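Structural features, examined
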Amino acid sequence: MQKSVMSQVQLGCSYAKTWPMRKEVAPLFAEFKVIRATELAITVMPILAMLTLFFQINYLGSDFLPQAIASSLFFISLPLQGLLWLGKRAQTELEPAMQQWYNELFAKMVANGYDAQMGKNKPRYLELAELLKDMFDKMDKTFTKEQF
């Protein structure tokens, strides 16, 4: 299923908000690092792009305008790259071992009072994020500690 760049970026934003930013899952998934780096890039890169443009034009002259624009566009693109990666990851189906862990975790949560419908036959990372978020938000701390 091919999505537009804009919808991929929006999905990446949504996925970043859904993913539980917890130390328990940080070593297991790349999402923790990518989300942190993307959040930092969203804050810092526009400022860096403007400073690059300003200093290159003011101190190197208008002869360097194309290079200044290229540098600024590069800095602006970094947060978008993170959001695109997150959007792609959200749509990616879980590998078989991860899918089995997802199903086991879901079954344990239901056995402990979790009330939700099982998602798809082949869950994606977005469904995993939702399940993990529900586990941290809705299940007791003892249950959560047992899973990690």
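Residues numbered from 1 in each chain as written. Predicted model: local features only at pLDDT ≥ 70, side-chain atom pairs only at ≥ 80, totals over all residues. Heavy atoms only, no water.

1. A look at helix 3 (residues 65-91)
In this model helix 3 runs 39 Å from its N-terminal to its C-terminal C-alpha over 27 residues, within 8% of the 39 Å that 1.5 Å per residue would give. Its axis deflected by about 30 degrees at Leu78, helix 3 carries its strongest bend there, up to four residues before the proline Pro79. On its buried side, helix 3 packs onto helix 1 (5-18), helix 2 (31-60) and helix 5 (125-138). (Helix = DSSP H or I, 4+ residues; strand = E, 2+ residues; numbered from the N terminus. Expected span 1.5 Å × (residues − 1). Bend = angle between axes of the 7 residues up to and from the residue. Contact = heavy atoms within 4.5 Å.)

2. Observations concerning the environment of Pro66
Within the secondary structure, Pro66 is located in helix 3. Sequence separation between Pro66 and Lys145 is 79 residues, and the spatial gap between their C-alpha atoms is 54 Å.

3. Side note on the nonpolar core
A general trend in soluble globular proteins is that nonpolar side chains are found buried together. Grouped together as the largest cluster of nonpolar side chains are 29 residues, with contacts concentrated most on Tyr15, Trp19, Phe29, Met109, Leu128, Leu132 and Met135. Elements with a minimum of two residues in this core: helix 1, helix 2, helix 3, helix 4 (96-111) and helix 5. Looking at which element gives the most residues to this core, the answer is helix 5, with eight residues. With residues near it in sequence (within four places) discarded, Trp19 still touches Val25, Phe29, Glu31, Phe32, Ile35, Tyr125, Leu128, Ala129 and Leu132. (Core = buried A, V, L, I, M, F, W, Y, C linked by side-chain atoms within 4.5 Å. Buried < 20%, exposed > 50% of the residue type's maximum accessible area, 1.4 Å probe, protein only.)

4. Looking at the confidence of the model for the protein chain
Per-residue confidence for the protein chain gives a mean pLDDT of 91; residues scoring 70 or more make up 97%. When pLDDT is averaged over each helix and strand of the protein chain, the minimum, 82, is found for helix 6 (residues 141-147) and the maximum, 96, for helix 1. (pLDDT = per-residue confidence, 0-100.)

5. Observations regarding the packing of helix 1 against helix 5
Where helix 1 meets helix 5, the closest approach of the two axes is 9 Å, and the angle between their N-to-C directions is 25 degrees. What the angle tells us is that helix 1 and helix 5 run roughly parallel. Viewed along their axes, helix 1 and helix 5 form a crossing whose handedness is left-handed. Facing helix 1, whose interface residues are Leu11, Tyr15, Lys17 and Thr18, helix 5 presents Tyr125, Leu126, Ala129, Glu130 and Lys133. Of the residues contributing to the contact of helix 1 with helix 5, the split by class is five nonpolar, one polar and three charged. (Axes fitted to C-alpha atoms, helices over the stretch in contact; angles between N-to-C directions. Parallel < 35°, antiparallel > 145°, perpendicular 65-115°, else oblique. Left-handed = near helix turned anticlockwise from the far one by under 90°. Nonpolar A, V, L, I, M, F, W, Y, C, P; charged D, E, K, R; others polar.)

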